[in-house]
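The lines below spell out each chain.
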2 protein chains.
Amino acid sequence: MKFQIKKEVFLKGLNNVSKALSTKNLIPILSGIKLNLTNEGLFLTASDNDIGIETFIPADKLEKIEETGKTVIQGRYLLEIIRKLESSVINITLLDDIKVLISCGKSEFNLNCMEYDEFPNLNMEEQKDPIVIKEEDFKDIINKVSFAVSTQETRPILTGINFKIKDDKLECVSTDSYRLAKKTLKIESNIKEEVNVAIPGKNLIELTKILENDKKNIEMHIFSNKVLFKFENTMFQTRVLGGNFPNVERLIPDTFELVVKLNKNEFYNVIDRAALLTSEKDKNIVKFELNDGELLVSSNTPEIGKVEEKMSVEKNTDENIKIAFSSRFMMDALRTINSEDVLLNFNGDVKPIIILDERDKNLLQLILPIKTY
Amino acid sequence: MKFQIKKEVFLKGLNNVSKALSTKNLIPILSGIKLNLTNEGLFLTASDNDIGIETFIPADKLEKIEETGKTVIQGRYLLEIIRKLESSVINITLLDDIKVLISCGKSEFNLNCMEYDEFPNLNMEEQKDPIVIKEEDFKDIINKVSFAVSTQETRPILTGINFKIKDDKLECVSTDSYRLAKKTLKIESNIKEEVNVAIPGKNLIELTKILENDKKNIEMHIFSNKVLFKFENTMFQTRVLGGNFPNVERLIPDTFELVVKLNKNEFYNVIDRAALLTSEKDKNIVKFELNDGELLVSSNTPEIGKVEEKMSVEKNTDENIKIAFSSRFMMDALRTINSEDVLLNFNGDVKPIIILDERDKNLLQLILPIKTY
């Protein structure tokens, strides 16, 4: 293997696949990046057994291919070296199949290679009719639901985001059993069977980090045990979680006794300040009391003090309410709202609070109240 | 106590004194900020027993003084509350000596006060003839020597920066016994006796964080057991370390067998890359081999690989050298060099390496070589 490549081109490819580098070091080969140079171009691959990423740099983006070949190189070192080299063109040469020489200008790195045959085969299969979504829409969905996945391993299925596809509708749901986020998107699809898979939330967050061309498309190739995302010259494969994601529809009411409309930013700041005197161990509880057109948000920690915040709101009935919830959960939910106004929907003080974007009917956030009275 | 104050004015004062807030919580009152409102203005004070800071906001910078008075408020909460309030003018009112009401717009915070009499007296004394230095010069000294203080508590005196004043010369030295940083400054002083104190390095770093007006002066009031820094409306007091700081002059040679002149940035990047394949546990050793006009910097970690970097240098004799040192220490030292070129001074491969700024004769960095051959 012998080739020349521009620093920026190599770095971008390495950055993409590095998201799959294993940090656990349990299986040494998984700390490596596989390089496979063919006459068509250079394939870079990394995997931590949970996700696998392959990115392809076509021959016309390489400066020179002198000899094809393949090897596996310590990923973190390779990335840091390329990042810190100063020349614009870098020479990569495989020596005796056991060392790789990286040189440019007056810098020479000799790195030990890893055993090529030990690198796992990722079996990146594609489907004939993948689901196609705009990258910006895909990122938006993940950003608006991923924060609500569970971080507890007690119910592993809840660490995932549930992707359901039926007809022309994609629905993504996450829940940690105290709150829930749901976002739907109209898609074009030829899928005959309904899809229902749960994909680890953290893997999807890694994926959004390497998506950059918002106007282009991303393809989803869904299998029973894995999902392959394909975009530009990169393939990102993730396992899916075993088990059935809970059906959350029964938790979401259709009608509400009380709907309150608030300025989103003002409400966010009110909650943020009221949360100052709360503590993590008390679930950062704030109280929410509605008296006609005036809302009182308060918190009270006897050792420290109390806070009262008032703001004007609009509502749809004569109903008033006194309810309490986690300020952190409310702020997480409010951050997903793009409109100027947010709608809070209530059915009494023990039923879930539904938070809706005034203009985006495809987004729903739910948080459970906390009993304090 | 009752007054009105602009948010930015209050926040700046609180930010200044908050650097002295105790994070250890061993003595509850030290997590508080003392407010003392007189007709002259508002005094804010905090202390963690290691440093004490008092800042004064004169009456003409307050919006309104309705009633003088004094109290102590939980510092972290007070700072966060003021930071997050939205109106430009904030009302502070002491209620029954046990609660303080902070209000603005539709926000009301009621905080429990702490016991005023429990707050320690900081005894901030001044001297008749303090040492006066420009803030920018003072910051420059601390930035160029503070990184070399010891982080080990085995020899506490080495966690300090040694301030020595004799005639019109201030000399600051720090050392962790593997390296040393020294910076001197010509000052105007009427001091009759020589000064020789060691001030905790971390306290001086905190002090530089709140210095902002580089053109103004800072006064040093030096006592046997404490030093008071005074600037604008703020006083910053720190304890001094007990014991004698080692006399380092005997470590610094006057003559050198070999002086090498290098481009500072190029050399820094060479060391930075050579360090990529080294590890903390092996002291990040790199080898430095001079062969006439060419320098070879290399490192070798058998499990990973090796790196060789070459660069052209100038030198003053026919001597060559083969020496090894910590890349991290060398990079720390090089970061203090402002000139384009740096001078490395050697007396064989086991004596200290002296690193000089080509243009600033008042700065000296020393690192010990590491024996590898």
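Bear in mind that the values here come from a model prediction, so they are computed numbers and not experimental data.

Asks: Sorry if this is basic, but what is going on with the overall build of chain A here?
Replies: Helices and strands together make up the secondary structure of chain A, namely six helices and 26 strands. Structurally, chain A occupies a C-alpha span of about 80 × 55 × 35 Å along its principal axes. Each of the 373 residues in chain A was classed as buried or not, and the buried ones make up 55%. Considering only residue pairs separated by 6 or more positions, chain A has 66% of its internal contacts joining residues 24 or more positions apart. When the accessible surface of chain A is totalled, it reaches about 17,700 Å², and 44% of it is carbon and sulfur. When the 52 basic and 60 acidic side-chain charges of chain A are each reduced to a single mean position, those positions are 2 Å apart.

Asks: In this structure, what is going on with the pattern of salt bridges? I would like to understand it.
Replies: If the charged atoms of two oppositely charged side chains come close together, the side chains can form a pair. Residues and elements named next belong to chain A. As enumerated under the stated definition, the model contains 53 salt bridges over all chains in all. Glu212 is the salt-bridge partner of Lys12, the closest N and O atoms lying 3.2 Å from each other. One end of the pair, Lys12, is in helix α1 (residues 7-18); the other, Glu212, is in the loop between α4 (201-210) and β15 (217-222), with 200 residues separating them in the sequence. A relative accessible area of 43% places Lys12 in the partly exposed class. With its nearest N and O atoms 3.4 Å apart, the salt bridge here joins Lys186 to Asp168. Placement of Lys186 in strand β13 (residues 179-186) and of Asp168 in the loop between β11 (160-166) and β12 (169-175) is noted, with a sequence separation of 18 residues between them. Taking relative accessible area as the criterion, Lys186 reaches 67% and is therefore assigned exposed. Each of Asp140, Lys144, Lys183 and Asp360 takes part in one network of salt bridges that share partners.

Asks: Honestly, the pairing of strand β8 (residues 99-104) of chain A in this entry has me stumped. Any pointers?
Replies: Residues in a regular strand project their side chains so that they alternate between the two faces of the sheet. Residue and element names in this part refer to chain A. β8 sits mainly inside the fold: five of its six residues count as buried. Where strand β7 (residues 89-95) meets β8, five bridges bridge the pair, whose relative direction is antiparallel. Bridge pairing in β8 links Asn91 to Ser103. Linkage of β7 to β8, two consecutive antiparallel strands, is achieved through a turn of three residues, within which Asp96 is found at a positive phi near 55°.

Asks: Is there a simple way to think about the pairing of strand β1 (residues 2-6) of chain A in this case?
Replies: Residue and element names in this part refer to chain A. The side-chain alternation of β1 yields one buried face, formed by Phe3 and Ile5, and one unburied face, formed by Lys2, Gln4 and Lys6. As defined by bridge partners, β1 adjoins β7 across five bridges and the pair is classed as antiparallel. Paired with Phe3 across the strands is Ile92, a residue of β7. Inspection of the sheet shows β1 paired to strand β5 (residues 64-67) by three bridges, in the antiparallel sense. Bridge pairing links Phe3 to Ile65 in β5.

Asks: Even after reading the chapter, I still don't get helix α1 (residues 7-18) of chain B, so can you show me in this structure?
Replies: Side chains of residues three or four places apart in an α-helix project in the same direction, reflecting 3.6 residues per turn. With twelve residues, α1(B) should reach 16 Å at 1.5 Å per residue; the first-to-last C-alpha distance of 16 Å fits that figure. Residues of α1(B) that are buried include every one of Lys7(B), Phe10(B), Leu11(B), Gly13(B), Leu14(B), Asn16(B), Val17(B) and Ser18(B), and no others.

Asks: Would you explain the interface of chain B and chain A in this entry?
Replies: Where interface size is given, it is often the accessible area lost as the parts come together that is meant. Counting residues at the interface gives 29 residues for chain B, matched by 29 residues for chain A. A combined buried area of about 2,900 Å² lies between chain B and chain A, and 49% of that area is made up of carbon and sulfur atoms. The largest per-residue losses of area from chain B upon contact with chain A belong to Lys106(B), Leu276(B) and Ile304(B), which jointly make up 22% of the total buried on that side. Glu86(A) serves as the salt-bridge partner of Arg273(B), at 2.6 Å between the closest nitrogen and oxygen. Our count for the contact surface shared by chain B and chain A stands at 26 residue pairs in polar contact (both at pLDDT 80 or more). Contributions of two or more residues to the side of chain B that touches chain A are made by α2 (75-84), β9 (107-114), α5 (264-274) and β21 (305-312) of chain B. The element best represented in the side of chain B that touches chain A is β21(B), accounting for eight residues. Pairing of strand β21 (residues 305-312) of chain A with β9(B) involves five bridges; the strand directions are antiparallel. Bridge pairing links Gly305(A) to Leu111(B) in β9(B).

Asks: Teacher, can you tell me more about the confidence of the model for chain A here?
Replies: The predicted coordinates ought not to be read in detail in places where the model reports low pLDDT. The pLDDT averaged across chain A works out to 95; a share of 100% of its residues lies at or above 70. Here the predicted complex carries an ipTM of 0.90, next to a pTM of 0.92.

Asks: When you look at the sheet that holds β11(A) in this model, what are you seeing that I'm missing?
Replies: Adjacent strands of a sheet form backbone hydrogen bonds with each other and so pair up, either parallel or antiparallel. Residue and element names in this part refer to chain A. Within the open sheet, the nine strands sit side by side as β14-β11-β12-β13-β26-β25-β24-β18-β22. Their pairing is antiparallel. Because the sheet does not close on itself, it has two edges, and the strands there are β14 (195-200) and β22 (314-315). As paired strands, β11 and β14 are joined by six bridges and run antiparallel to one another. Opposite Ile161, over in β14, you have Ile199 as the bridge partner. Along the sheet face, helix α3 (residues 135-145) touches β11, β12, β13 and β26 (363-367) and points at about 165° away from the line of β13.

The rules behind these values
Residues numbered from 1 in each chain as written. Chains lettered and ligands numbered in written order. Predicted model: local features only at pLDDT ≥ 70, side-chain atom pairs only at ≥ 80, totals over all residues. Heavy atoms only, no water. Helix = DSSP H or I, 4+ residues; strand = E, 2+ residues; numbered from the N terminus. Buried < 20%, exposed > 50% of the residue type's maximum accessible area, 1.4 Å probe, protein only. Contact = heavy atoms within 4.5 Å. Areas by Shrake-Rupley, 256 points an atom, 1.4 Å probe, with all protein chains shown as cover. Lys, Arg positive; Asp, Glu negative; His and termini not counted. Charge placed at Lys NZ, Arg CZ, Asp CG, Glu CD. Salt bridge = Lys/Arg side-chain N within 4 Å of Asp/Glu carboxyl O. Pairing = 2+ DSSP bridges. Expected span 1.5 Å × (residues − 1). Buried area = accessible area lost by both parts, 1.4 Å probe. Polar contact = N/O pair within 3.5 Å; in protein donor to acceptor, adjacent residues only side chain to side chain. pLDDT = per-residue confidence, 0-100. Axes fitted to C-alpha atoms, helices over the stretch in contact; angles between N-to-C directions.

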